[in-house]
Structure formats: structure tokens, C-alpha cells
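Survey of secondary and tertiary structure
Given next are the chains, with one letter for each unit.
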Amino acid sequence: ACLVGSEMCIRDRCYMLENVHFPCFLKSIPDTTFSATSLKSIYIPDSVTEIGEEAFYACDSLSDVRFSKNLKTIGVNAFRYCSGLTAINLPDGLESIKDGAFSGDNVGGYMYLKKAVLPESLTELGSFAFSCNVYMDYAEIGGNVKEISENAFAWCPDLSTVKTVSYTHLRAHE
């Protein structure tokens, strides 16, 4: 097992790391901790309330994520370029998905999520949060979202349905 924040994984980058066991008292997963590793699946314990910036950036083997029931924030680019992800189940209670959290890019670094069902508790959806998910055809946005930032679903060519209850503010591209 590799502990979060261990010197070996941060300095040596742990490219071949396939499994990790999180301690049950962990409160957050720090920025860049597991970026560019070979993780295949992760179970984030219910004690975790925040996933840091780029925590799982470019983990292209990652195909299964079980989120904490108490998760409040998914950080900037937290799962960017995790092209093995085709489905996610976001927990009720999640409040913020930051910029680029589940995004790829439009020059070949695609993502393959098929749908995004955002919980009622979500209040903030960052810019480019789900951009470049080339197979995404459905998105559902809960009624408590106060802000959907620009390009949240940009370059999702199959996106044909976006269901919303209501929203307070769409930030225009400046």
C-alpha cells in the first residue's frame, strides 16, 4: 500500500502504481498526489471531503472511481486526461466541481464519459469541467447550481440533451 503524501510517491511519481489503500481518517487528497500513475480503480473513503488539484491528472488507466459520500469539492483538473473513465457516480452532497475536473483537450487528449448527472447539492460547475468528452450525450444539472462557467461542456459533439431544473447565473465568456 502507498500512503497519501508519502515521500516516495510524490518524488518518484509512482508511474507503475496500480493500487492504493487510503486511511479511513483521511480528510483530503492533496494536489498532484497520484497524477500520471497507473491506478486502475480507487475507493475514496467517506472521511474525504476534498480532492485536490490534479490529484489524479493523466491517470489514463483509471476506469473506476467510488467517491466519498461526504465529498464536497473536486479540484481543478483533478481527473483531467483520465481517459479510462466512461462512467462516474457523483455523490449527493457534492458542492463544487472546479475548472477542468473531468476534461480532456480537443487535439487528441479526449475523455470518454457518456453522461454527467450532477447532484442537487452542486452549486458551482467550473469552466471546461466536462469539456472534450467525445461520447457524452446527456447531462443533468441540479436545481441548486448558482453558476455554470463558460465551456463547461465544450467539445462534447454527441451532447444532445442537457436537463436543468433552474439556474441563477451563466458566466459569459469574456
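Residues numbered from 1 in each chain as written. Predicted model: local features only at pLDDT ≥ 70, side-chain atom pairs only at ≥ 80, totals over all residues. Heavy atoms only, no water.

**Structural notes on the pairing of strand β9 (residues 138-141)**
Basically, it comes down to this: Throughout this description, buried means an accessible area under 20% of the type-specific maximum (1.4 Å probe, protein chains only), exposed means over 50%, and partly exposed covers the range between. Strands are runs of DSSP state E lasting at least two residues, helices are runs of H or I lasting at least four, and both sets are numbered from the N terminus onward. For two strands to pair, DSSP has to find at least two bridges joining them.
Only one face of β9 is covered, namely the face carrying Ala139 and Ile141; the face carrying Tyr138 and Glu140 is uncovered. Here strand β7 (residues 115-117) runs beside β9; their pairing, made up of three bridges, is parallel. Looking at β9, one finds that Val117 is bridged to Glu140. Where β9 meets strand β11 (residues 161-164), four bridges bridge the pair, whose relative direction is parallel. Within the sheet, the bridge partner assigned to Tyr138 lies in β11 and is Thr161.

**Re the sheet that holds β7**
In plain terms, the rule: Fitted lines through C-alpha atoms give the axes, limited to the stretch in contact for helices. The angle between two N-to-C directions lies from 0 to 180 degrees.
With parallel pairing, the three strands of this open sheet are ordered in space as β7-β9-β11. Every other strand in the sheet has two partners, leaving β7 and β11 as the edge strands with one partner each. Within this sheet the neighbouring strands show an average axis-to-axis angle of 10°, counted without direction.

**Some details on the side chain of Thr37**
So the rule is basically this: Polar contacts here mean pairs of N or O atoms no more than 3.5 Å apart (in protein, one a potential hydrogen donor and the other a potential acceptor; neighbouring residues in sequence count only if both atoms are side-chain atoms).
Mapped onto the fold, Thr37 is located in the loop between β1 (28-29) and β2 (41-43). A polar side-chain atom of Thr37 sits 2.9 Å from the main-chain carbonyl oxygen of Phe34.

**What to know about the pattern of salt bridges**
This is how it is decided: Any carboxyl oxygen of Asp or Glu within 4 Å of a side-chain nitrogen of Lys or Arg constitutes a salt bridge here.
Counted under the stated rule, the structure contains two salt bridges. Note that Asp64 is salt-bridged to Arg66, the shortest N-O span being 3.2 Å. Its salt-bridge partner being Lys98, residue Glu124 comes within 3.1 Å of it at the nearest N-O pair. Placement of the pair is Glu124 in strand β8 (residues 124-125) and Lys98 in the loop between β6 (96-97) and β7, with a sequence separation of 26 residues. On the accessibility criterion, Glu124 (28% relative accessible area) is partly exposed.

**Some details on the packing of aromatic side chains**
Under the convention used in this document: Working definition: a ring pair exists when centres of Phe, Tyr or Trp rings (six-membered ring for Trp) sit within 6.5 Å. Plane angles under 30 degrees give stacked, over 60 give edge-to-face, the rest tilted.
Tallying each qualifying case throughout the model produces ten aromatic pairs. Look at Phe56 and Phe79: their rings are 5.2 Å apart centre to centre, the planes differ by 10°, and that puts the pair in the stacked class. One end of the pair, Phe56, is in the loop between β3 (50-51) and β4 (64-66); the other, Phe79, is in the loop between β5 (73-74) and β6, and 23 residues separate them in sequence. Residue class for Phe79 comes out buried when judged on its relative accessible area of 0%. Between Phe102 and Phe130, the aromatic rings sit 5.3 Å apart at their centres with planes inclined by 10°, giving stacked as the arrangement. Of this pair, Phe102 sits in the loop between β6 and β7 while Phe130 sits in the loop between β8 and β9, and the two are 28 residues apart along the sequence. The residues Phe102 and Phe130 share a single accessibility class, namely buried. Linked through ring pairs, Phe22, Phe34, Phe56, Phe67, Phe79, Phe102, Phe130 and Phe153 together constitute an aromatic cluster.

Worth remembering: the numbers are spatial, not functional.
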